[in-house]
Amino acid sequence: MKRSFVETAVLTLVVAALGAPTSVRAQRPSDSARGTQASASPSARDATPIDLTGYWVSYVTENWRYRMVTPAKGEYRRIPSSAAALPIIKSWDPSADERAGNQCKSYGAGAIMSVPGRLHITWQDANTLRIDTDAGMQTRLLRFTARASSSGARPTWQGESTARWEGVAPPDRGGSLSVVTSNMRAGYLRKNGVPYSERATVSEHFDIAALPDGGQLLLVTTTVEDPVYLNAPYVVSPHFKKEPDGSKWDPTPCSSTW
Amino acid sequence: MLINLVVSRLAFTLSIVALVARAAFAQAGPAVLPSQFAFAGSWAPIGTEDVQNDSVPVDYLGLALTEEARTRALSYDESQKSMVERQCQGWGAAYMVLGPFGLRISSQSDPATNRIVSYTIDAWEDWMTMPIWMDGRPRPSEHALHTQAGFTTGRWEGGALVARTTHLKAGFIRKTGVPLSDQATIDWRFFRHGDVLTVLMMARDPVYLVEPEIISKGFRLSKNPLDYRDECVPGYEGREPGDGVPHFAPEQNPFLDEFITLYNLPREAVLGYRDTLYPEYRKKIKGTYVPPPPCTADCGVAGNFVRRRGPTP
């Protein structure tokens with residue numbers, strides 16, 4: 001079927017209008033004022049449905065025995081580890097990890113939110129949320145904008161995280177932060193050497209709830225999937241209480257032995 | 001003809017550019033979620049998180065207890081559950097996240113307005129049916145009947161279901177005898193992300209808890225309806241009517257050291273002291289904690305209950 005010139009032109013305009021970023025249609029003055037890259041689009045920082053920034057402290061009421069102390073070597077209770085993981089679990093040697101410079105193996109993105117400590121969440125830029133941890137002194141960058149392909153990049157403990165807000169429709173308020181992380185170095189789900197591989201993916205949802213006695217609670221529902229060392233998704237949901245300031249911030253380096 | 005061809009190509013190129021640009025920038029804007037999600041259905045427990053530890057008699061890890069709570073918990077003997085009159089007593093509302101069962105949830109609507117009046121979480125064999133009233137009805141008098149399930153109202157807020165339970169009968173917040181009083185209040189948040197439902201429980205108790213007990217547990221949407229309606233039927237378990245209520249003098253609880261020695265755990269953590277819930281405590285015990293010997297039995301995912309290493313008291 002042949003399309004006429006007018007039809008084609010109209011179709012072009014309609015598709016372009018519908019498909020263009022919303023920012024092309026409605027530029028926000030605040031963006032240019034901030035001088036951010038978001039001059040053509042509302043930034044993630046401007047679009048935030050919930051405020052995650054500030055200091056948060058772990059409140060360890062679950063998995064206490066697996067988080068606050070190092071569990072026994074060989075124990076992987078409640079983790080659906082695969083047969084391929086068992087030799088690694090049984091041969092865990094924290095001193096060897098330390099000697100090899102792998103003392104941060106239990107502080108990777110697959111486990112870091114369960115490590116007892118404090119989070120400091122800030123905006124690194126208008127489209128990157130930054131999470132610093134005092135336990136292990138790790139930094140996670142949650143990017144809201146697509147990056148150039150990094151398939152060739154070397155894996156890191158914290159991997160590469162793509163973030164997305166999920167906000168409820170007005171007039172209601174609130175929502176959630178969805179984060180997917182991959183390209184991680186192989187690490188441990190628990191201090192005692194229960195492994196995840198470089199092929200693992202971590203999916204997280206950050207939600208906020210009001211505490212009954214005042215204050216806020218941050219809940220991070222975390223799903224780790226690993227075709228190598230897990231038979232099923234490993235789901236945990238560590239939570240944090242908000243603190244008024246960083247006075248209790250206490251950076252401590254990674255340790256394999258504690 | 002040539003113009004037509006050029007314009008067509010240009011139109012095609014512009015369309016592609018527009019779509020790519022939209023995809024590139026789409027991350028920054030929030031995805032729009034409905035203010036309510038489908039809550040009714042069958043939700044199977046995921047069970048990869050340890051919310052009640054190993055059901056060892058004296059295990060109060062992860063709790064912030066008052067002295068009175070600790071004393072009462074240490075006096076508890078699980079043999080009480082063998083008494084005919086207590087076998088079907090069941091557990092309170094908190095058992096929704098502490099128990100091993102899934103959630104079968106239904107909704108009830110007003111036939112005239114089609115608005116949802118309540119959600120009902122069905123009973124399990126030792127847990128009562130729990131309605132969540134969504135119709136804005138007032139809370140009953142504080143003198144109204146207190147039950148294991150309590151009285152729960154709910155509302156939608158920020159894409160989550162928010163609920164509060166009061167009118168609880170005095171019971172337990174852990175099966176090992178840690179008490180929860182009839183003055184307790186439980187706040188709930190139900191978050192749904194895809195097929196995962198995260199239930200967040202925040203329990204306050206002015207009598208037995210120094211700080212709220214906060215537990216979150218994951219459930220996965222089940223394609224097959226759950227059927228957990230086994231009725232509790234009491235039977236003879238070795239205790240005769242008129243026998244005394246099994247209990248211990250708190251300081252003479254024979255299980256006091258069992259969990260502590262099994263895993264080399266600090267006593268104050270096992271006995272539910274508040275400071276043990278925060279990261280500072282981990283630093284405090286760094287120099288004294290000795291890891292337990294390597295695990296040799298029940299080390300994996302199925303090992304829900306510990307194998308005791310020594311003779312039971």
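If you're wondering where the values come from, they're calculated on a predicted model, not measured in any experiment. (Residues numbered from 1 in each chain as written. Chains lettered and ligands numbered in written order. Predicted model: local features only at pLDDT ≥ 70, side-chain atom pairs only at ≥ 80, totals over all residues. Heavy atoms only, no water.)

Visitor: Would you mind going over the overall build of chain A with me for this structure?
Guide: Scanning chain A from terminus to terminus reveals 6 helices and 12 strands. Counting the 258 residues in chain A, one finds 56% classified as buried. Residue pairs in contact within chain A that sit at least 24 positions apart in sequence constitute 57% of those at least 6 positions apart. (Helix = DSSP H or I, 4+ residues; strand = E, 2+ residues; numbered from the N terminus. Buried < 20%, exposed > 50% of the residue type's maximum accessible area, 1.4 Å probe, protein only. Contact = heavy atoms within 4.5 Å.)

Visitor: Whenever I open this one, the pairing of strand S7 (residues 187-190) of chain A confuses me. Can you help?
Guide: Residues in a regular strand project their side chains so that they alternate between the two faces of the sheet. The pairing of S7 of chain A with strand S8 (residues 194-196) of chain A spans 3 bridges and is antiparallel. Residue pairing in the sheet places Tyr188 of chain A in a bridge with Pro195 of chain A of S8 of chain A. (Pairing = 2+ DSSP bridges.)

Visitor: Which parts of the structure should I look at to understand the packing of aromatic side chains?
Guide: Inspection of the entire model under this criterion finds 21 aromatic pairs over all chains. Ring centres of Trp64 of chain A and Tyr281 of chain B lie 6.3 Å apart, and the angle between their planes is 45°; this geometry places the pair in the tilted category. Placement of Trp64 of chain A in helix H4 (residues 64-67) and of Tyr281 of chain B in helix H6 (residues 279-284) is noted, with the two residues assigned to different chains. In terms of burial, Trp64 of chain A and Tyr281 of chain B fall into one category: buried. Site record: aromatic cluster; members linked through ring pairs are Tyr76, Trp91, Tyr95, Phe101, Trp124, Trp127 and Phe172 of chain B. Over the face of the ring belonging to Tyr66 of chain A we find Arg190 of chain A, whose NZ or CZ atom lies 3.7 Å from the ring centre. (Phe/Tyr/Trp six-rings, centres within 6.5 Å; stacked < 30°, edge-to-face > 60°. Lys NZ or Arg CZ within 6 Å of the ring centre and 35° of its normal.)

Visitor: Even after reading the chapter, I still don't get the confidence of the model for chain A, so can you show me in this structure?
Guide: All names here are of chain A. Confidence along chain A averages 86 in pLDDT terms, with 83% of residues attaining 70 or more. For residues 1-6, every residue scores under 50 in pLDDT, and the model assigns this stretch 8 contacts once sequence neighbours within four places are set aside. Across residues 8-39 the pLDDT falls below 50, and counting only partners more than four positions away or on other chains, this stretch makes 47 contacts in the model. (pLDDT = per-residue confidence, 0-100.)

Visitor: What is the right way to read unusual backbone geometry from this model?
Guide: Most of the time, phi is negative for any residue but glycine, and the peptide bond is trans. The peptide bond linking Pro170 of chain A to Pro171 of chain A adopts the cis configuration, its omega dihedral lying at 5°. Relative to the assigned elements, Pro171 of chain A resides in the loop between strand S5 (160-168) and strand S6 (175-182). Although it is not a glycine, Arg78 of chain A adopts a positive phi angle of roughly 75°. Position of Arg78 of chain A among the secondary structure elements: in the loop between H4 and helix H5 (86-90). Judged by relative accessible area, which is 15%, Arg78 of chain A ranks as buried. Even without being glycine, Asn114 of chain B reaches a positive phi, approximately 65°.

Visitor: Got a minute to help me understand the nonpolar core in this structure?
Guide: Across soluble globular proteins, you tend to see nonpolar side chains buried next to one another. By size, the foremost hydrophobic cluster in this structure holds 70 residues, and its most contacted members are Phe39, Leu103, Trp188 and Phe190 of chain B. Those residues within four positions of Phe39 of chain B in sequence are excluded, and the remaining contacts are Ile105, Tyr119, Ile132, Trp156, Leu161, Phe190 and Leu197 of chain B. Ile50, Tyr107, Ile121 and Leu142 of chain A belong to the second largest nonpolar core, which has 28 residues in total. (Core = buried A, V, L, I, M, F, W, Y, C linked by side-chain atoms within 4.5 Å.)

Visitor: Mind showing me how you'd approach the pairing of strand S2 (residues 41-45) of chain B here?
Guide: All names here are of chain B. Strand direction decides the pairing type here: S2 and strand S3 (residues 103-109), joined by 3 bridges, are antiparallel. Bridging across to S3, Trp43 finds its partner in Leu103. Two elements, S2 and strand S12 (residues 213-221), share 3 bridges in a ladder whose sense is antiparallel. Bridge pairing links Ala44 to Arg220 in S12.

Visitor: Would you mind going over helix H2 (residues 67-75) of chain B with me for this structure?
Guide: Helical geometry: 3.6 residues make up each α-helical turn, so side chains three or four residues apart lie on a common side. Residues and elements named next belong to chain B. Among the residues making up H2, those that are buried are Ala69, Arg70, Ala73 and Leu74. All buried residues of H2 lie within an arc of 130° about the axis, which places them on one face of the element. Against the buried residues of H2 lie strand S9 (178-180). (Arc of directions from axis to C-beta.)

Visitor: How should empty space enclosed by the protein be read in this particular structure?
Guide: In this approach the atoms are scanned with a rolling probe the size of a water molecule, which exposes any empty space left behind. All names here are of chain A. What the rule picks out here adds up to 9 cavities of 30 Å³ or more. Computed from the structure, the largest cavity encloses a volume of approximately 270 Å³. Lining the largest cavity are 24 residues; nearest its centre among them are Arg67, Ala111, Ser114, Val115 and Leu189. Those elements that provide at least two residues to the lining of the largest cavity are H4, S7, strand S10 (216-225) and strand S11 (234-236). (1 Å grid on protein atoms, 1.4 Å probe; cavity = no way out; pocket = protein on both sides within 12 Å on 5 of 7 lines; lining within 4 Å. Points joined across faces, edges and corners; volume = space filled by probe spheres on them.)

Visitor: Quick question: what am I supposed to make of the pattern of salt bridges here?
Guide: It is possible for side chains bearing opposite charge to pair when their charged atoms get close. Within this structure, the stated rule accounts for 18 salt bridges over all chains. Between Arg77 of chain A and Glu75 of chain A there is a salt bridge whose closest N-O contact spans 3.9 Å. A relative accessible area of 4% means that Arg77 of chain A is categorised as buried. Classification of Glu75 of chain A as buried rests on a relative accessible area of 2%. Here Asp122 of chain B ties to Arg104 of chain B by a salt bridge, and the two come within 2.9 Å at their closest N and O atoms. Of the two residues, Asp122 of chain B sits in the loop between strand S4 (116-121) and strand S5 (130-133) while Arg104 of chain B sits in strand S3, which places them 18 residues apart along the sequence. (Salt bridge = Lys/Arg side-chain N within 4 Å of Asp/Glu carboxyl O.)

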